Amino acid sequence: MSVDAATVKRIAKLARIRVEDGELAPLAAELDTILHWVEQLGEVNTASVEPMNSVMPMDLKRRADQVSDGGYPEDVLANAPEQRHGFFVVHKIVE
Amino acid sequence: MTEPAVKYIEGATGPWEIVLGLEVHAQVSSKSKLFSGASTEFGAEPNTQVSLVDAAMPGMLPVINEFCVEQAVRTGLGLKAQINNWSRFDRKNYFYPDLPQGYQISQFQFPIVGEGEVLVDLPGGATRIVRIERLHLEQDAGKCLHDQSPNESLVDLSRSGIALMEIVSKPDMRSAEEAGAYVKKLRTILRYLGTCDGNMEEGSLRADVNVSVRKPGGPLGTRCEIKNVNSVRFIGQAIEYEARRQIDVLESGGTIDQETRLFDSKTGETRTMRSKEDAHDYRYFPDPDLQPLVLDKAYVDAIAAGLPELPDVRRARYINEFGLSPYDASVLVAERETAAFYEAVAKGRDAKLAANWVIVELFGMLNKRGVGIEESPVSAARLGELLDLLADGTLSGRLAKEVFEIMIETGGAPKAIVEERGLVQVTDTGAIEAAVDAVIAANPDKVAEVRSGKDKLLGWFVGQVMKSTGGKANPQVLNDILRKKVMGE
C-alpha cells in the first residue's frame, strides 16, 4: 500500500485537519514509511491464529438499565464557546 | 399466499417500476442510554439528560446496557432472523455538531442480527414478503434546531447516545403503499415485543427510504436515499415525489446520481442534502473501547422462550379459530391492546359478532372522539354484556346500538340501562300486530299503493311501526307480520 499526496489531502479533509499544499508530499512520504513498517506484520503466517481482541481475556462489560447519570447541564455546557437557554450555539448548519 | 399485483408508473416512454428498500431506526424502549446511565425520557430540558460519556468528554468509556442487547435479540427473533452469537461495535466517523464524539458507535461488519423476514399484508388480500438484511445496535445523535436564529444553530445532546436498532430491509418493496404497510407492520411487531414504543411523533421510529426506478424487468437503477422520514404518510409522499423526479430525469436523457436527499414535509418535495464532494467515507474501524458482544445459545433460547404471541400467529388464529375474515383479523391484531380488548369481548361469545361490534361500533366511536382504546368509555366487559343481551333476544340490533350510545355517555352497565329506560324489545306478536293494524287503518292509501306493486313502501310501514313502538319492535317479527297483513302473504 502506498500513500500519495491526493490521499493525504482527502484524509486530512475528512479528519478536519488543515494541511497546507506544501506539506502534502512530505506527509505522504512519512505516512508511507509508517504503513510499510506496519505491513511487515503481513510476513508472519497467522493462518491458524484467532484474531485477538484484548491482551487480557475478558468479556464485554455490561450494565443494568438504570438511570444513574446526567442531570448536570451546566457541566456539559461548561466548555461551550457559546451557549443560550441551555443549548450549545454553533454556526448555522443548513442542509 | 398471493403475491401483490405489479404496479407500474406511467412515464412518457412507457411504464416504470419503483424499487424500494427501507432502513428503519427504532429507538429501544430502555430507561437509560446504550452506553451511559443518562435518561432517555422524551421532552426533557435541553442538555439535561446528558452524561459526560454522551458529551464525549476525554477519558470517558462506554459501558453497554444489557437491556438494549436483550431487546435487539428479541426483535431479531420477532423478525424470524438469524441471531449472531458474535458481533462487534465499530466507529463510524463523520463530523456534525450533533455528534460530539466525531464518530457514531454502530455495528458495521458484524451486526447482532442477520437475515430475517416480515410478512406485509396488503389491501385486497395479497402479501408481500419483505426480507430483512440485518439489524444492528447503534447510538442516536443529538438534535439541532435551525429555526431559532438566522445565522446560528442550537444543539441539544439529550438524544445523543440513545440506543437505536437499525433494521435494514432488502429492496423488496414496489410501491409507496407497500412501504407504508411494511413500516406499519414493523411497528406492530416492535410494539408486540415491547422493544420499541413505535411513537413516530416523538421520533422513536424513523425511516431512511432508498428509492430507484427501472424499466419492468430491467436492471436495478441507481438509488437515492431519503433521510429521516418520520411518518407513514410522509414516507408515501416522499416516494411518490422521488420516483417521479427520477423518471423525469431519466426520460429527459439524464442520469441519477447516487445521493442522500431530504424530504421537505411542507412542500412534499425531496432535495439534495449533501454535496458530492463530501461523498460518504466513514472510515469504519472496530471500537477499541468495546470488546466483541458474545451471546451464548442458552441466553438466546431463554429470550425466545419468553416471546409473546406475534401478530401473524394471532391473525391466523383469528381466521382459523374464530372464522374472521383476513381483513377483520388484520385490523384487530394491528395493536396489542386492541387484540386484548377484542379477545375479552369475544370470550365465550359469538366471535364474529364481537369482531363486528369492536371494529364498526367501538372503533367508529373511538375515531370520532379521537381517543385510543385505553381510554374507551365502554370497557370490554360492558361491551360483552351488551352482546349477551343481543344474543338472548332482549335487544334487537337497533336497540343494542341505542343502548351502546347511552353506555358511551354514562359508562353504565347495559342491563341497568335497558331496565331503567324500558328498552327491551317487543317480541310479543299481539302487541306488534296491534301497532301494525293501527298504522294500516290510518293509511289505507299507502296500503293500496304497496299492494299495487310498490314493495319498497313496506319500509315506510316498518318506520311507522317502529316510531309508534319507540323502536322496540323486534324487526324480524314485525317484518313477518307486515308481509302477512299488508301484502297478504
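Preceding this paragraph is the structure being described.
A quick note: this is a predicted structure, and the numbers were derived from the prediction, not measured.

## Considerations on the packing of helix H10 (residues 397-410) of chain B against helix H11 (residues 414-421) of chain B
Residue and element names in this part refer to chain B.
(1) Moving on: Between H10 and H11, the least distance of the axes is 10 Å, while the angle of their chain directions is 110 degrees. Taken together, the axes of H10 and H11 are roughly perpendicular relative to one another. In terms of crossing hand, the pair formed by H10 and H11 is right-handed. Facing Val-403, Ile-406, Met-407 and Thr-410 of H10, the residues of H11 in contact are Pro-414, Ile-417, Val-418 and Arg-421.

## Describing the sheet that holds strand S3 (residues 87-91) of chain A
(1) Moving on: The four strands are arranged S2(A)-S3(A)-S10(B)-S9(B) in an open sheet whose pairing can be described as antiparallel. Across the chains shown, the open sheet's two edge strands, defined by having one partner strand only, are strand S2 (83-84) of chain A together with strand S9 (143-145) of chain B.
(2) Moving on: Sheet topology note: the S3 of chain A/strand S10 (residues 152-156) of chain B ladder contains four bridges and is antiparallel. Pairing of His-91 of chain A across the sheet is with Glu-152 of chain B, part of S10 of chain B.

## Observations concerning the nonpolar core
All names here are of chain B.
(1) Moving on: Formed by 107 residues in total, the largest nonpolar core has its most connected members in Ile-112, Tyr-182 and Tyr-342.
(2) Moving on: Two domains each donate at least three residues to this core, and these are domain 1 (9-304) and domain 2 (309-421).
(3) Moving on: If you look at the next biggest cluster of nonpolar residues, it comprises 18 residues, including Val-436, Leu-457, Leu-458 and Val-465.

## Notes on the sheet that holds strand S6 (residues 103-106) of chain B
Residues and elements named next belong to chain B.
(1) Moving on: On the basis of which strands lie adjacent, the open sheet formed by three strands has the order S6-S5-S16 and antiparallel pairing. Whereas interior strands pair on both sides, the edge strands pair on one side only; in this sheet they are S6 and strand S16 (285-286).
(2) Moving on: Strand direction decides the pairing type here: strand S5 (residues 90-93) and S16, joined by two bridges, are antiparallel. Of the residues in S16, the one forming a bridge with Arg-91 is Phe-285.

## Overview of the interface of chain B and chain A
In many reports, interface size means the accessible area that the parts give up when they come together.
(1) Moving on: Taken together, the contact pairs 55 residues of chain B with 39 residues of chain A.
(2) Moving on: Between chain B and chain A lies a buried interface of about 4000 Å² when both sides are counted; carbon and sulfur atoms form 56% of it.
(3) Moving on: Taken together, the links from chain B to chain A amount to two salt bridges.
(4) Moving on: Residues Arg-84 of chain A and Glu-152 of chain B are paired through a salt bridge, measuring 3.0 Å at the closest nitrogen-oxygen approach.
(5) Moving on: Between the two partners, chain B and chain A, sit 25 residue pairs in polar contact (both at pLDDT 80 or more).

## Thoughts on the pattern of salt bridges
Note that side chains of opposite charge can pair when their charged atoms are close.
(1) Moving on: Within this structure, the stated rule accounts for 40 salt bridges over all chains.
(2) Moving on: Residue Arg-18 of chain A pairs with Glu-20 of chain A through a salt bridge whose shortest N-O separation is 3.2 Å.
(3) Moving on: The class of Arg-18 of chain A is exposed, set by a relative accessible area of 74%.
(4) Moving on: On the basis of relative accessibility, which here comes to 44%, the residue Glu-20 of chain A falls in the partly exposed class.
(5) Moving on: Residue Arg-191 of chain B pairs with Glu-337 of chain B through a salt bridge whose shortest N-O separation is 3.5 Å. Here Glu-337 of chain B lies in helix H7 (residues 336-346) and Arg-191 of chain B lies in helix H2 (residues 176-193), a separation of 146 residues in the sequence.
(6) Moving on: Assessed through its relative accessible area of 24%, Arg-191 of chain B is described here as partly exposed.

The rules behind the values
Residues numbered from 1 in each chain as written. Chains lettered and ligands numbered in written order. Predicted model: local features only at pLDDT ≥ 70, side-chain atom pairs only at ≥ 80, totals over all residues. Heavy atoms only, no water. Axes fitted to C-alpha atoms, helices over the stretch in contact; angles between N-to-C directions. Helix = DSSP H or I, 4+ residues; strand = E, 2+ residues; numbered from the N terminus. Parallel < 35°, antiparallel > 145°, perpendicular 65-115°, else oblique. Left-handed = near helix turned anticlockwise from the far one by under 90°. Contact = heavy atoms within 4.5 Å. Pairing = 2+ DSSP bridges. Core = buried A, V, L, I, M, F, W, Y, C linked by side-chain atoms within 4.5 Å. Buried < 20%, exposed > 50% of the residue type's maximum accessible area, 1.4 Å probe, protein only. Domains from an automatic or database assignment. Buried area = accessible area lost by both parts, 1.4 Å probe. Salt bridge = Lys/Arg side-chain N within 4 Å of Asp/Glu carboxyl O. Polar contact = N/O pair within 3.5 Å; in protein donor to acceptor, adjacent residues only side chain to side chain.

Just distances and angles here, no functional claims.
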